[in-house]
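Structural features, examined
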Amino acid sequence: MAGAAHLSAAPRDDRPSVFEVLAQDNLMAAVRPAVKHAVRVLAESSPSAFGWLYVYSDELYTVLDYILQRHYLKKYAASFAENFYGLKRTPILPHSSTASQTLPRKEYIGSLACLVILPYIKLKFDQLFERWRQEVADGMHTAQTLLNKLCHAFLAVYPFLHMLWAGAMFWFQLMYVFGKSHYHSPFLWLAGVQLDNLTESDIEAQEKTHMAKSLADFANASLSEKLRFVSRQALTGVAVSLSTGLSVGVFFLQFLEWWYTSDQNTASLTSLPIPEPPRAVHSDMVPNLPSICPLCHRTRTNDTALSVSGYVFCYPCIYNFVKQHGQCPVTGYPVQSSHLVKLYLPDS
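The present account deals with the structure reproduced in this document. (Residues numbered from 1 in each chain as written. Predicted model: local features only at pLDDT ≥ 70, side-chain atom pairs only at ≥ 80, totals over all residues. Heavy atoms only, no water.)

Moving on, we come to the pattern of salt bridges. Going through the model one piece at a time under the given rule, you end up with nine salt bridges. Measuring nitrogen to oxygen at the nearest pair gives 3.9 Å for the salt bridge that ties aspartate 58 to lysine 36. Separated by 22 residues along the polypeptide, aspartate 58 in helix α3 (residues 57-76) and lysine 36 in helix α1 (residues 18-45) bring together distant segments of the chain. Judged by relative accessible area, which is 7%, aspartate 58 ranks as buried. Across the pair glutamate 59 and lysine 124 runs a salt bridge, and its minimum N-O distance is 3.3 Å. Of this pair, glutamate 59 sits in helix α3 while lysine 124 sits in helix α5 (residues 105-137); the two residues are 65 residues apart in sequence, bridging distant segments of the chain. Note on glutamate 59: relative accessible area 26%, which makes it partly exposed. When salt bridges with common partners are traced through the structure, they connect Lys36, Asp58, Glu59 and Lys124 into a single cluster. (Salt bridge = Lys/Arg side-chain N within 4 Å of Asp/Glu carboxyl O. Helix = DSSP H or I, 4+ residues; strand = E, 2+ residues; numbered from the N terminus. Buried < 20%, exposed > 50% of the residue type's maximum accessible area, 1.4 Å probe, protein only.)

Rendered as structure tokens:
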């Protein structure tokens, strides 16, 4: 009965509206694609220097997100988006430290895991599902091995797990709309916290608490501790500034891209000059005959082109190379399996 007590709770005066909680969710959901877009632009402009950023863009974003969310949870008891919309996290269960402006350790760790770790794991599962589904559609994973059996089992089960998760998200939001739940998301339920509106007293208490604590720690510390304290504060400020600036910058970058690719500012494709072919980093791999695969140096079979460079290979050759190295073997451009384009020639 205690676990379901929140379903019949009366609405609170400081309860955020459904528009506020959904707006802060959508804010963070839009940042990851924007960051990946900015990294892709950098990688395409200079593959040799920034190609690795695109390959590890998910991990890079997760590290930056961890630094950002850790700072805001410690200082404001809220995520970056929640604090932006004037919200805070409070524990559901009574705590001796509930009156303070910080989250208890258990709720702090749970919140950090639900904000950073679980979304990263969900993203990787989604990418794995798409990759294996494409590979099975291409006739791979047919051998009766343990890995292939796990692959087919995963492809059969994961859509139902995804449906259950999406259904749980909808159920929590529906219960929150009708005032039957403290949580609008299962992530908050897992972390054991609820969202409340920040008050003026909360803001004043946060400023006084952190200022007094910082001054007391700095005054009573030794020289080495003072240096570490200053370095830590500087590093935190730089990390938060970079994360916030990157979030704003990528939105501005997408706006500029939309502006310059709009119908009013885009010339006809037929009037544009033919671009130069991509520069071959490994020129010794380029065959003399156009029908030869640059990897196996035999006549191509099952022709497949890389959309980022335009070079054509045998499908098994280029698929295995991209899966292992993550780049074009001729130009060195960063690529993924989704950049493979099969060519169906008239005489094939």
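This paragraph deals with the packing of aromatic side chains. Under the counting rule described, the total for this entry stands at 12 aromatic pairs. Between phenylalanine 129 and tyrosine 158 the ring centres are 5.6 Å apart and the planes differ by 35°, which places this aromatic pair in the tilted class. Of this pair, phenylalanine 129 sits in helix α5 while tyrosine 158 sits in helix α6 (residues 146-177), and the two are 29 residues apart along the sequence. As far as burial versus exposure is concerned, phenylalanine 129 and tyrosine 158 are alike and both buried. Feature note: the residues Phe125, Phe129, Trp132, Phe154 and Tyr158 constitute an aromatic cluster, connected by ring pairs. Stacked on the ring of tyrosine 315, the Lys or Arg lysine 342 has its end atom at 4.6 Å from the ring centre. (Phe/Tyr/Trp six-rings, centres within 6.5 Å; stacked < 30°, edge-to-face > 60°. Lys NZ or Arg CZ within 6 Å of the ring centre and 35° of its normal.)

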